[in-house]
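Chain and residue survey
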Amino acid sequence: MLGLMQSQGLMISSILTHAARHHGAAEVVSRTHENTTHRYTWAGVERRSRRLVKVLLAHGVERQDRVGTLAWNGYRHLEVYYASSGMEAIVHTINPRLHPDDIAYIINHAADKILFVDLSFAPLISLIAARIADTVKTVVMLTDTANMPEVTLAPGMTLACYEQLMDAADEDYVWPRFDENTAASLCYTSGTTGRPKGVLYSHRSTWLHAYAVSMPDVLDIRATSRILPVVPMFHVNAWGTPYATALAGAALILPGRHLDGASMAGLLNAERVTFTSGVPTVWLGLLQHLRSSGQRLETVTRIMTGGSAAPPLLIEAFRDEYGIRFEQGWGMTELSPVGTFNAPKPAQAGLTRDEAARHMLKQGRILPGLDMKIVDGDGRELPWDGVAFGDLKVRGPWVASAYFGEEPGAALDKDGWFATGDVATIDPDGFMEITDRSKDVIKSGGEWISSITLENLAVSHPDVMEAAVIAAAHPKWDERPLLLVVPLPGHTVDPASVLALLEGKVAKWWLPDEVVVVDELPHTATGKLLKTSLRTRYKDHYLKA
Ligand code: AMP
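So, a few notes on the structure that sits alongside this text. Everything numeric in this text was worked out from a predicted model, so none of it was measured.

Here 9 strands make up an open sheet; going across it, the order is β2-β1-β11-β10-β12-β13-β14-β15-β16 and the pairing mixed. On the outer flanks of this sheet lie β2 (37–41) and β16 (365–366), each paired with one strand and no other. Where helix α9 (residues 261–270) meets the sheet, it contacts β1 (27–31), β10 (226–229), β11 (251–254) and β12 (275–278), and its direction lies at approximately 160° from that of β10.

Next up, the structure:
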């Protein structure tokens with residue numbers, strides 16, 4: 001028999017109405033394009049989102065139509081999030097750092113009817129307008145009339161000004177209720193190989209993910225928290241913070257386009273931010289600024305990182321020099337995105353400082369609601385001993401079942417697991433540690449070598465800023481590791497000293513055959529090392545030698 005409880009669907013609009021009703025005065029603060037500060041409240045977000053629905057309806061947006069955004073983290077972007085999903089349309093966040101060809105491709109693939117665009121991306125729209133003219137009818141610039149830019153659109157497309165449209169609309173709208181499994185938002189993977197693929201989140205998956213990331217052992221979001229997501233709203237919903245902050249009634253601080261160390265430090269202090277999240281590159285910039293300026297962070301107690309492996313330098317420097325916990329989570333677009341978070345269990349209380357820092361390199365424990373396992377090449381489950389590494393698979397209610405345009409279940413194996421493409425170990429306490437992307441793992445003489453382990457060690461060298469280990473073809477061993485390092489500004493790197501540092505810390509046969517010093521390393525649109533391009537350039541390095 002079924003339980004006798006109400007089955008009220010989990011609507012994204014009710015996250016917002018909860019915030020407006022119970023935390024109406026809680027702040028939403030944005031750094032604008034002009035570098036001024038805009039302040040209002042969750043009650044204001046709810047009112048303006050209703051007004052925006054009226055704008056969308058007036059532009060012919062219907063249920064399940066896609067509403068594209070090309071925008072930084074800011075209050076107008078937040079309104080597009082809530083208005084689109086709330087009226088049963090789909091907000092499609094587009095990563096402006098992708099190549100313009102990919103951007104045009106995904107706008108057409110998603111069939112975005114209308115685009116909301118920040119001023120920074122006006123030139124990008126002019127560049128791709130002709131290629132998206134069959135799909136996009138209206139481009140709305142996220143600004144007021146005084147700041148409208150020049151944009152060259154193709155015939156048949158209309159340019160509009162956000163605040164002008166908002167002024168002309170009213171707020172007379174009641175949020176509808178519908179099936180919680182309805183699509184709410186769409187985000188494309190960065191696609192380092194092949195075309196980007198769309199992940200289509202539902203109202204239900206978004207709610208459950210927001211609940212899970214709010215938990216104390218994850219982001220620990222409270223009504224008293226002041227949260228600044230540096231992680232962009234244009235990719236993977238800023239790790240769910242626009243929803244989780246509203247659920248808790250926390251203050252949300254949106255940093256806009258100025259993400260350099262000095263701007264970040266200024267904003268974090270000015271807005272009394274307690275917790276902030278972003279990829280490691282941002283925190284490297286912040287750390288360099290703090291060290292060179294002597295500035296301190298006055299209110300931040302925790303920094304969350306994810307998206308790529310947390311460099312040991314950041315964990316130790318923030319802890320030892322600034323008294324800030326630098327915590328790591330792991331996830332991916334297909335997981336809404338958060339899958340694991342590294343929060344200690346009682347057993348970690350006894351670790352020495354060095355052991356604790358080493359433990360923080362792990363990507364962490366699975367969020368409740370999801371499940372994970374590691375399997376070998378034949379699909380056999382591997383032990384949780386912290387040593388065996390294999391392909392990481394996950395399942396759960398905020399994991400994609402198929403990509404946009406595919407049949408449900410198309411992305412899963414026969415038992416319903418999603419293959420993440422990551423290679424990992426899991427220790428007896430359930431802490432998962434990524435050792436590689438499956439396509440980046442180095443297969444030397446039939447055995448696997450973890451590129452991330454070698455990179456983590458290499459960046460602990462005092463002269464090294466960044467490191468990448470790739471598989472280079474080898475006549476005898478099939479593949480051997482090649483280590484590329486970028487020196488810290490003003491330093492030179494002695495390759496032999498890097499190898500000396502690795503010696504004894506990994507098996508001898510893991511040691512790279514060569515260390516090459518380079519000026520910089522290529523990155524993807526989401527800040528990850530672009531190993532495909534390094535492999536193209538260096539794959540024959542040992543054959544030429
Ligand atoms: P994306 O879908 O762009 O968010 O990329 C997801 C991928 O980023 C994952 O499959 C991992 O390979 C990588 N990733 C995310 N978080 C971490 C982390 N904390 N450590 C190492 N790799 C990570």
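The strands making up a sheet associate through backbone hydrogen bonding, with each pair oriented either parallel or antiparallel. Pairing is mixed in the open sheet, where 7 strands are placed in the order β7-β6-β5-β3-β4-β8-β9. Of all the strands in the sheet, the pair left with one neighbour each is β7 (158–161) and β9 (198–202). Recorded for the sheet is a direction-independent mean angle of 25° between the axes of neighbouring strands. As paired strands, strand β5 (residues 112–117) and strand β6 (residues 138–141) are joined by 4 bridges and run parallel to one another. Directly across from L115, in β6, lies its bridge partner V139. The strands touched by helix α4 (residues 100–110) are β3 (66–70), β4 (90–93), β5 and β8 (183–188); relative to β8, the strand with the most contacts, the crossing angle is about 155°.

Before going further, it helps to examine the nonpolar core. By size, the foremost hydrophobic cluster in this structure holds 88 residues, and its most contacted members are W42, L78, Y82 and F116. Formed by 34 residues, the second largest nonpolar core is a distinct cluster that contains L115, V117, A133 and L153.

In this section: the pairing of β1. The buried fraction of β1 amounts to 4 of the 5 residues, a majority that puts the element mostly inside the structure. Summarising the sheet, β1 and β2 pair through 5 bridges and their orientation is antiparallel. Within β2, the position partnered with V29 by the bridge is R39. Two elements, β1 and β11, share 3 bridges in a ladder whose sense is parallel.

So, about the site of the ligand. Looking at the ligand, there are 16 residues lining it, with G329, T333, Q363, D422 and R437 nearest. Side-chain polar atom of Q328 to a nitrogen atom of the ligand: 2.9 Å apart, as the coordinates give it. Within the contact set of the ligand, an oxygen atom lies 3.2 Å away from a side-chain nitrogen or oxygen of K528. Calculation on the ligand without its partners gives an accessible area of 500 Å², and the protein chains cover 91% of this total.

Before going further, it helps to examine the side chain of T340. Along the chain, the position of T340 falls in strand β15 (residues 338–341). Classification of T340 by relative accessible area gives buried; the value is 0%. A polar side-chain atom of T340 sits 2.8 Å from the main-chain carbonyl oxygen of Q363. Apart from the residues lying within four places of it in its own chain, the contact partners of T340 are G329, W330, Q363, G364, R365, I366, L367, M372 and M432.

The next subject is the pattern of salt bridges. Inspection of the entire model under this criterion finds 33 salt bridges. In this structure, R204 engages E180 in a salt bridge whose closest nitrogen and oxygen atoms are separated by 3.3 Å. Note that R204 is positioned in helix α7 (residues 203–214) and E180 in the loop between α6 (162–168) and β8, a separation of 24 residues in sequence. Judged by its relative accessible area of 18%, E180 falls in the buried class. Among the ionic pairs, E327 bridges to R302, the shortest N-O distance being 2.9 Å. Of this pair, E327 sits in strand β14 (residues 325–331) while R302 is found in strand β13 (residues 302–305), placing the two residues 25 residues apart along the sequence. Accessibility expressed as a relative area gives 4% for E327, which makes it buried. Exposure remark for R302: the relative accessible area of 7% places this residue in the buried category. One connected set of salt bridges, linked through shared partners, spans E27, R39, R226 and E271.

The rules we used
- Residues numbered from 1 in each chain as written.
- Predicted model: local features only at pLDDT ≥ 70, side-chain atom pairs only at ≥ 80, totals over all residues.
- Heavy atoms only, no water.
- Pairing = 2+ DSSP bridges.
- Helix = DSSP H or I, 4+ residues; strand = E, 2+ residues; numbered from the N terminus.
- Contact = heavy atoms within 4.5 Å.
- Axes fitted to C-alpha atoms, helices over the stretch in contact; angles between N-to-C directions.
- Core = buried A, V, L, I, M, F, W, Y, C linked by side-chain atoms within 4.5 Å.
- Buried < 20%, exposed > 50% of the residue type's maximum accessible area, 1.4 Å probe, protein only.
- Near = heavy atom within 4 Å.
- Polar contact = N/O pair within 3.5 Å; in protein donor to acceptor, adjacent residues only side chain to side chain.
- Areas by Shrake-Rupley, 256 points an atom, 1.4 Å probe, with all protein chains shown as cover.
- Salt bridge = Lys/Arg side-chain N within 4 Å of Asp/Glu carboxyl O.

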